[in-house]
Each structure stands twice: as C-alpha cells, then as structure tokens.
Amino acid sequence: NEADQVRLQREALALAKLSHANVVGVHDVGVHEGRVFVAMEFVAGQTLGEWMRGSGPEGLRPWKSVVRVFLDAGRGLAAAHARGLVHRDFKPDNVMIDDGGRVRVMDFGLARTDEDTDSIELPTDEDSLAAVRSQTSSLSLSLRLTRTGTLLGTPAYMAPEQFAGKAATASSDQYAFCTALYEALYGGRPHLGTTMMELIAAVTLGTVEEPPRSSKVPAWVRRVVLRGLALEPVDRFPTMDELLAALADDPAVRRRTWLIGLGAVVAVGGGAWGLVASMQPESEACTQMGLPLATVWDDARRAEVREAIEGTQLDYAPATWTRVEQRLDEYSSQWVRARTEACEATQRGVQSAELLDLRMTCLDERLRSLRATVDVLAHADSTVVEKAVPAVAHLPGLERCADASALTAEIPLPDDPAVAEQVAVLEGRLAEAAALEEAGKLAESLAIASEVLAAAEPLEYRPLLVRAWLLLGEVHTSLADYPAGEAAFERSYRLALELGLLREAGAAATGLVDLVGSTLARHEHGRRWALDADPLTRGFGGSTTRIAYLNSLGTLSFHEGEFKAAAAAYESALELSEASSDTVRAAALMGNLGGIAITAGDLPRARDYLERALALERELLGPEHPRVGRTLANIGIVSMQSNDFENARDHFERALDIETRALGPEHPTVATTINSLGAAFIRLGDLERGIQSYERALAIKERVLGDHPEVAGTLQNLGNAMEDLGDLERARAYHLRSLAIREATLGLDHHEISMGLTNLGRLELRSGNSELARQYCERSRAQLEKQEHPSQHFALSCLGEVAEHEGDFSSALAYHQRALEIREATLGPDHPDIAWVLGNIGRTLLGAGKAEEAVPLLERAIAIWGPDTDDLDRLPSLAKTQLVLARALWDLPEGRGRDRARKQAETARATFERAAGPSATPRRFEELAEADAWLASHR
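Everything quoted here is computed from the prediction, not taken from an experiment. Per chain, residues are indexed from 1 in the order of the written sequence. In keeping with the model being predicted, local features are shown solely for residues with a pLDDT of at least 70 and side-chain atom pairs are shown and tallied solely at 80 or more, while totals for entire chains, interfaces and linings include all residues. Excluding hydrogens and water, the side-chain figures rest on all heavy atoms present in the structure.

### Some thoughts on the packing of helix α26 (residues 563-579) against helix α28 (residues 603-621)
And step 1. Angular values range over 0 to 180 degrees, each being the angle between N-to-C directions of two axes fitted as lines to C-alpha atoms, with helices fitted over their stretch in contact. For the purposes of this entry, the term helix denotes a DSSP run of H or I that reaches at least four residues, the term strand denotes a run of E that reaches at least two, and both are numbered from the N terminus. One way to put it is that α26 packs onto α28 with a least axis distance of 15 Å and a crossing angle of 25°. Viewed along their axes, α26 and α28 adopt a mutual orientation that is roughly parallel. Relative to α28, α26 is oriented so that their crossing is left-handed. Mapping the contact onto sequence places Glu571, Leu574 and Glu578 in α26 and Arg605, Tyr609 and Arg612 in α28.
And step 2. In the scheme used here, Gly and all other residues not listed as nonpolar or charged are polar, with Ala, Val, Leu, Ile, Met, Phe, Trp, Tyr, Cys and Pro taken as nonpolar and Asp, Glu, Lys and Arg as charged. Looking at the contact of α26 with α28, its residues break down into two nonpolar, no polar and four charged. Should an angle lie under 35 degrees it is considered roughly parallel, over 145 roughly antiparallel, and from 65 to 115 roughly perpendicular; all remaining angles are considered oblique. Definitions for this section: a left-handed crossing has its near helix turned counterclockwise from the far helix by less than a right angle. A right-handed crossing has that turn clockwise. Here, residues are in contact when the closest pair of their heavy atoms is within 4.5 Å.

Below you can see the structure in the form of structure tokens.
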C-alpha cells in the first residue's frame, strides 16, 4: 500500500546516505510501475552462512575468526542504527563476505512488504495462536513472517518481542545478531524447535541450549552472547556499539596490554620501553616477548590461513601451505628472539634505554608487516596462493632492527602524541598495501596506498610520504601506468634525499633504473639513474636493496645488448642472494642468467642455470607450482635452440600440464606455453598441429586479454608462420592486426610499433610492392631514430633491402653500413647478430659489381656464425650468405674464384637442407631451389 511505499522509500533513501565499509551501498531508489525499487552495490563473494558452512574438518571455524567477522558485521549494523535504521531481518544469509574478505551487511528489509506471498500474519493472543498452531506446525523455520507495518524477519533469528507482535527495534537486531553469532560459534542455534510453535515456545521462554562439551569458545564470549539473547530488551546491551566493545574486549589481550602498550608509548613518546626494561627484573620484562604474536600468528590465524590456501583446491595449494607455515613460524621465532635480545641487552647494561626504544619500534613495524601479510593470506585466492611463498619470504628483514647506526639515523615520530598515533595507524595501512602488492593484489594495494598518501599529507610527517610514494611507484609500474610510476618514484627519491633517507632513495632510484631504462627503453636515462642507485644501495639498505639494484642493472644491460655486463650484474646479485639465504630471489636470478645465456648462444650454460633454478623452485614452491612450469618451458626453449625438438616438445607439454592445472586453461601463461609448443611441432614437421597451437594460443589471449600487446605478439608469430608457408595474404592480415593492436594499446611512438612496421615492409617487398615497403620501413626508421633506440638497425636494413630491390646500391650500402655502426656499438664486432648485417653489406657490394670488396665481408660473416653451426634460427641466413659468397667468388676477375665458388654453392645447398630439416616450408624450398638453379647454371 501507499504507506508501505512511503516507508520503504524513506528508509531506502536514508540507507543510500549511509556510507560505511560494512554496509552494502545503495546507488538508487525509485518507483517503477507502482513498485519501489532499490539499486544496490554488487558484491562478489559468499554469504556469511556459506562461510560458516564452509568450515574445516572439525565443523567449526576458529572462534577468534568468527568473532573477527561478526565484529565487522556488527559495525555495519551499528552504523545503520546510528542513522535510525533497523534491519529487521539480520541473519547469516543477509551478510556478504567479498573475495577480498570485507564483510558487508545487506538487505535491510527494504524489499519486504506486507504483500509478500510467503508471509503470514501472527496474532498476539494465546487463543488465536493455538488456532493457527496446526497450520503452522510444518512451516519452514526460514519462512519470512510479516505483521502489517511492524513484523518483519526470519523466525529462527527473531527476538521474543517480535513474536509478541511488537515493532522491530535496534535491540531486536541485536538479538538476531547474537543468535547468528551463537550458531557460528557452537554449530547450532541457541533455541531449538522442529516446528514453528516449538521455536516460538523456546524463544519466548528464553531457554538457551548448552554449548557442546568440545567447544573451545571462552566463557567471556558466551557471557556476551547470552546478554545479547536476554528475554527482555532492557537486559540486553543498550546499543550495538556497547555489545561490540564487550565482544572485542578479550581478557587475554587485556592482560598483555602493558607489553603491547609499551611499544605504543615508544612510538608516541619514546623512552618508556627502555626505562621499564632497565627497571624490571629480567624474569618480568624479557621472558614474554612473544605475547604480541597472539593475534598475529597463533593457532587461530594458522587455521585460517591453511583453510584459505587449501580451500582454493589448487594442485599445489597443500605444498604451498606447508612452505608458508614453515616460513611464518621461522619469521615469528626470529622476531621473538630479536625482541628478547633487545630487552636483555638493556637489562645487562650494554645498551641504552633510548636504543632499546628504537629497536622495539623497528620490531613493531615488522610485526605490522607480518600481520598484514597473514591477513592477506587468510583471504587467499589463486593469485595470492601463487605468490604466497615469495610474499612470506620477502617480509622485511629483522637485521636492521639490531643496526644501531641505522636506527639512530631514523627520523623520530612527531612529538604530538595524537599525530604520532595517526602516523602509526597509517604505517599499518601502508604495510597492508605492501602485503597486497607482494601478493599480486595490485588494485587493492593501489587504493589503500593512495588513501594513506592523502591522509598522510596533512600530518607533515614526511618519511611516511616517502614510503607511500615509493610503494605507489611499484604498484603503478606493475599496473603498466608508467607515467604515474615514474612520477611517484621521482617524488619519493627527491624527498628521501632531502630527508637523508638514503635507503629509500636507493630503492626509488632502482625502480627508475628498471622502469625508465628497461621498460620504457630510455637506456641513457636509465644509466643516469643507475649512477645514483649504485652508491645508495651499496652503502645503505642491506642486501635486499642491493640485490634489487643489481637485478635492475642486469636487465638494463640486457636491453642495451650488453650481455656480458648483464650476466656480471646478475651473478653479483645471485652471490648476494645465496649469501643471505634469499633462495626465492636466487631462483629468479638463475632464470635470468639462463635467459642471458640463451640470447648469447651459450646453451650448455643456459641449461645449467635453468636446471639449478628448477631444482630450487621445486624445493621452495613444490613440484606443481606454475613457476616450475615456466622454468620447464624455458628449458624447452634451450632444447629448441639445441635442435632437440622432441625434448623441447616434452618439456613444453610437462610445463603446459602444470600451468593448466595451476592457473586454468584460459590463463595467458598457458597460452604462451601453447605458443612455444606450436613452434616445436613446426620444427618436428607437424605444420598442422603447429599452426593449430598458435591459433589456440591466440584464441586464449584474445578472450582473456582483449586488444593487448601479448595478443599482438601471437598475431605476429602467426604472420611469420604464414609467410614461411607462402600464404602472403594471410600473413599480411595477421601483421596488420598486430600493428593495429600495438598502435591502440602502446601509442604510436612505442618501439614495438616499429618492429611491426618493419615486418610489414619486408612482407611487401617479398610481394613486389617496393614503394609500400619503403613507406613502412621509413616510418619505422624515423620512429626509432627519434627515440635513439638500438633496434633502429632493423629498419635501416629493411630500407637497404628496398633500395637493393630497386637497383639503388649506393643508397642501400649507406643504409646497411649505418646499421652496422649501430649494431657494433651495442654488441661489439664479433656478436652473431653482426654477421647478418655484414651479409647484407656483402650482398649489396656484389650487386654494385664490387665482388672483391664483398668477399672478405661475407667470409667474416660466415666465420662469426660458424659454418658448422646447428642453430636453426641462424641456418637460413648462413645458407643465404654462403650462396652470396659463391656468387661473389664466381665474379672475381679472371675467374680465379670459380672453383671455390662451386664448392661454396654446394656448401650453401647443404646448409639450406639442414635449415629445412623435417619441417621444410615453401619458403625453405624456394631457397633450396635457388641454390640448385645457381649450381645448374654454373657448372
């Protein structure tokens, strides 16, 4: 009726104005075709009821976990009550726990009216109740009951006064809350009844069931719940806020408040910890240093984390839990020892009270990081489980908390206790953001770090700003928001230097080496940041910061083509990692060194590093972890380079099996391995399965990523495959799509755009469209030259080939020689990639009639490659160069090179056959036919 509509609209509007973390948001309220509608926030997750039913093998979740979740739900109720709103139907199925673990109360009775078809009216007098007893005896206890204008709710959770027909109030919400809490704690509701009237009798009599004998719920919790279940509203808590305060007031925590409070005093005022430790006997002050761990890493939290990790049902989840538990136990034990040692040092008189304060403050910060990491793990999903072991392994080191010189150099907290307390809270939030970032929850980390930054700026405690900007730089970079990442790192760096926070300055400069120098390919700019990061990380910040810098330096050197320098930097980082027992980073660095060795063509060395990384990852992460799959795939690439295609296929298939089970069949990493498997099939002569694998990889990436640079890469692979097969039309279509995606996602000036343009230029040249080929290659050259990118030699070589095709050998020679200058400047004179450019120059000189000048360059190219190389990626170029050398020898004056020319042509033909292998494509047949034709005409 109209009165109900007015009430519903009024309450909906009031709820829409309620913005609280534990209440589902209302976006819109209105009337459509005479019915009130409410548009609410969508929450992905599970109901509180599902969470309760999803408990472990013992049937119940740990009581501390239950209390923690219900405290959040209760805060939502309390916030609504403060706005004059009554829920009327609080129960577990009206509370959501989202995928991030946030608890939100929903469904404030707004969608329920008197006309609900499953509603009945209950009279209040005993005679009338008796009259309907027979018709209600079999009704479900979850049935919604309505008395016109007043009675709304679910019988199993309704307060006694509601059964008497009285209006629902905040006190009846409290009763429903405690009923649900009782059910979660003890596994059954406080009032039993198999029929409606049995339930009503139990509720109205106030009889509460006894808890199971096996219950571990403390008596003080039961007392709180029973007061909330009092028969008379006046005997319950005056407000939800008071109930929540009582529920949060754990006497065990209160007993150790003096210990935790001392740490808080240090944070705010300083000096108190040292004073107490020096005055108290050791037995009183230093023997219970582990008490603060009680709510951070104890049996209840252990059970939560295990349940969350194993609850993902990932194949590698049990192995991950075993390793996470071990590392958290070790870290916690080390933390207690460090705290105890700090306390005892002051008692023995070997350490000042002031230094003890600093050490305790430092250890409190580590405890915040531990708490934040455990909180993230307690709500683990597949993303978190994949990164769980590294996240725990990368908890901040404790050694700094014993470094007197480092601690005394720290900037103290503000003198104002209120401001200092706000800073401490924000530091805790920043630790939470850092834990989320480490676990791969980037969007959540970004939101919290941004909130911390906004809240910290008015406090004028600038060290907190330094750390917030530093974390934002890392998160923005991981999210590919490179301009924001660069700006954040730079702000952190400048402010850190101003404040003398050299460790943070070194970390920010390191981030810029990686982002600016490698990711954005501004190599010279990255080198300038390295000049700052090197001394800062060498002298400050410990091994972790130095390892990060050396890793970034290695990556920058790799992108510059300085492979020896890259390997040296990675080796130094690996040595530090192994010395500091940082096995997680050591495994990653072994993988990097394997990649360097692959690029340099040192395949035995590559295999050695990758096999070492594989063994370490299996030990660290378990044999079914996706990182194990990735390393298996990399070993497969080494086998591909070694022409052991069957071994490569086997490694790719093993990697694919692990990754598919760990990440799901639609994950981009799975698509990458399928792509590699396609290349193995092609090399084994199974072209059909090879192309099918490429197309399958493309389909996954398109579904998951949409228009993304990774999709463009797979399209480029397909374009190259089609070109090899001689299907130039399909090759062109794939390359054009690849280019369009890169231009849309990376911008017109990104260096990857130029590679797509060069591919299209060469394709058009092969098709005979030299003018269009020139346009593509010139666009590529101009773009790379503007960026001073070392890859511009590809575009220059493409322009040289176009000029050759048109008979303009002078221009062609200029392009190829410029490409050689650039390549030698970055790779040196003897790198295998130099041979390709030398071959281009030799071919151009031959075309210009300068055979004598061409011969030594072509011979040098062949010597660099090695005439007996078995690298299938280089064999086609080697064969072509050998054939060009045969032609040059034939054209030497007075026929003096013709005998050598025929032998060289035979060698070229044999190399073409080796290059074709079992998977001869039309393109390889064309090249072989060219050698046969030359030999036939030069007998």
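This is not the end of the story, as more comes after the structure.
### Re the packing of helix α14 (residues 299-311) against helix α16 (residues 353-377)
And step 1. Across the interface, α14 lies against α16 with an axial gap of 8 Å and an inter-helix angle of 40°. Compared by their axis directions, α14 and α16 come out oblique. Taken together, the residues of α16 that come into contact with α14 (itself represented by Arg301, Val305, Ala308 and Ile309) are Arg371, Val374, Asp375 and Leu377.

### Thoughts on the state of the cysteines
And step 1. Here, the term disulfide refers to a pair of cysteine sulfur atoms separated by no more than 2.5 Å. Enumeration according to the criterion identifies three disulfides in this entry.
And step 2. Covalent S-S linkage joins cysteine 286 and cysteine 343, the inter-sulfur distance amounting to 1.9 Å. Handedness here is read from the sign of the S-S torsion; for cysteine 286 and cysteine 343, about -75°, the answer is left-handed. Separated by 57 residues along the polypeptide, cysteine 286 in the loop between α13 (282-285) and α14 and cysteine 343 in helix α15 (residues 317-347) bring together distant segments of the chain.
And step 3. With a relative accessible area of 2%, cysteine 286 lands in the buried category.
And step 4. There is a disulfide in this structure between cysteine 362 and cysteine 401, and the S-S distance comes to 2.0 Å. Across the disulfide from cysteine 362 to cysteine 401, rotation about the S-S bond amounts to roughly -70°, and the bridge is consequently left-handed. In this pair, cysteine 362 is assigned in helix α16 and cysteine 401 in the loop between α17 (382-393) and α18 (404-408), connecting sequence segments 39 residues apart. Here cysteine 362 and cysteine 401 have matching classes, each one buried. Throughout, exposure labels follow a simple rule: accessible area from a 1.4 Å probe, protein chains only, divided by the maximum for the residue type, with under 20% read as buried, over 50% as exposed, and the rest as partly exposed.

### Looking at unusual backbone geometry
And step 1. Despite not being glycine, glutamine 313 shows a phi value in the positive range, around 60°.
And step 2. Take glutamine 313: its relative accessible area is 70%, and that puts it in the exposed class.

### What to know about empty space enclosed by the protein
And step 1. In this analysis the probe radius is 1.4 Å and the grid spacing 1 Å, with only protein atoms considered; a cavity is a set of points the probe fits into but cannot get out of, a pocket is an open set with protein on both sides within 12 Å along at least five of seven lines, and lining residues have an atom within 4 Å of a point. Grid points are joined across faces, edges and corners, and a volume is the space filled by probe spheres set on the points. A complete count under the given rule lists two cavities of 30 Å³ or more for this structure.
And step 2. The space that makes up the largest cavity amounts to roughly 50 Å³.
And step 3. If you trace the largest cavity, you find 11 residues lining it, with Arg88, Asp89, Phe90, Tyr157 and Ala176 closest to the centre.
And step 4. With three residues, helix α6 (residues 170-186) is the single largest residue contributor to the lining of the largest cavity.
And step 5. Its residues assigned to classes, the lining of the largest cavity comprises four nonpolar, four polar and three charged.

### What to know about the side chain of aspartate 173
And step 1. Structurally, aspartate 173 is set in helix α6.
And step 2. Of the side chains with opposite charge, arginine 88 lies nearest to the buried aspartate 173, which makes no salt bridge, at 7.7 Å. In summary, the charge assignment counts Lys and Arg as positive and Asp and Glu as negative, without counting His or the chain termini. Should a side-chain nitrogen of Lys or Arg be within 4 Å of a carboxyl oxygen of Asp or Glu, the pair is scored as a salt bridge.

### A closer look at the pairing of strand β4 (residues 95-98)
And step 1. Of the two faces of β4, the one carrying Val95 and Ile97 and the one carrying Met96 and Asp98 are both buried.
And step 2. Strands pair, by our definition, only if DSSP identifies at least two bridges between them. Looking at chain direction, strand β3 (residues 45-47) and β4 are connected through three bridges and run antiparallel. Looking at β4, one finds that glutamine 46 is bridged to isoleucine 97.
And step 3. Taking the residues between adjacent antiparallel strands as the criterion, β4 and strand β5 (residues 103-105) are bridged by four residues, where glycine 101 takes a positive phi near 90°.

### Points about helix α21 (residues 462-478)
And step 1. Multiply 1.5 Å by the residue count of a helix minus one, and that product is the helix's expected span. Taking 1.5 Å of rise per residue, the 17 residues of α21 would be expected to cover 24 Å, and the 25 Å separating its terminal C-alpha atoms lies within 8% of that figure.
And step 2. Judged by how many residues are buried, α21 sits mostly within the fold: 12 of 17 residues are covered.
And step 3. Among the residues of α21, those classed as buried are Pro463, Leu464, Leu465, Val466, Ala468, Trp469, Leu470, Leu471, Leu472, Gly473, Val475 and His476.
And step 4. Against α19 (417-438), α20 (442-456), α22 (482-499) and α23 (502-519) lie the buried residues of α21.
And step 5. Once α21 finishes, alanine 480 follows within two positions and takes phi at roughly 65°, a positive value.

### Remarks on α14
Within an α-helix, residues lying three or four positions from one another point in the same direction, as the helix has 3.6 residues per turn.
And step 1. Along its 13 residues, α14 runs 18 Å from first to last C-alpha, staying within 8% of the 18 Å computed at 1.5 Å per residue.
And step 2. Of the residues making up α14, those classed as buried are Ala300, Arg301, Glu304, Val305, Ala308 and Ile309. Viewed end-on, α14 has its buried residues packed into an arc of 155°, placing them on one side of the element. Residues of α14 that are exposed and point more than 90 degrees away from the buried face comprise Asp299 and Gly311.
And step 3. Those residues of α14 that are buried are in contact with α3 (63-82), α15, α16 and α17.
And step 4. Of the residues one or two after α14, glutamine 313 is the one with positive phi, at around 60°. For this quantity, the arc is that covered by the directions from the helix axis to the C-beta atoms.

### What about the pairing of strand β2 (residues 35-40)?
And step 1. For strand β1 (residues 26-32) and β2, the ladder comprises six bridges, and the chain directions are antiparallel. Paired with glycine 30 across the strands is phenylalanine 37, a residue of β2.
And step 2. Where β1 folds back on β2, the antiparallel hairpin that results is connected by two residues, among which glutamate 33 adopts a positive phi of roughly 50°.

### Focus: the pattern of salt bridges
And step 1. Throughout the structure, instances matching the rule amount to 58 salt bridges.
And step 2. Its salt-bridge partner being glutamate 432, residue arginine 429 comes within 2.9 Å of it at the nearest N-O pair. Residue arginine 429 and its partner glutamate 432 are both found in helix α19; the two are separated by three residues, about one turn of the helix.
And step 3. Judged by its relative accessible area of 29%, arginine 429 is partly exposed.
And step 4. Ionic pairing is found between arginine 503 and glutamate 504, a salt bridge with its closest N-O pair at 3.2 Å.
And step 5. A cluster of three or more residues bridged by salt bridges with shared partners is formed by Arg68, Arg301, Glu304 and Asp375.

### Some thoughts on the nonpolar core
And step 1. What makes a nonpolar core is a set of buried Ala, Val, Leu, Ile, Met, Phe, Trp, Tyr and Cys residues whose side-chain atoms join them at distances within 4.5 Å. In terms of nonpolar packing, the biggest core is built from 145 residues, with Leu328 and Leu370 touching the most fellow members.
And step 2. Excluding residues within four positions of it along the chain, leucine 370 makes contact with Leu293, Val296, Leu328, Tyr331, Ser332 and Leu395.
And step 3. Val23, Trp51, Trp63 and Ala73 belong to the second-largest nonpolar core, a separate cluster that totals 54 residues.

All quantities given are derived from atomic positions and should not be read as evidence of function.
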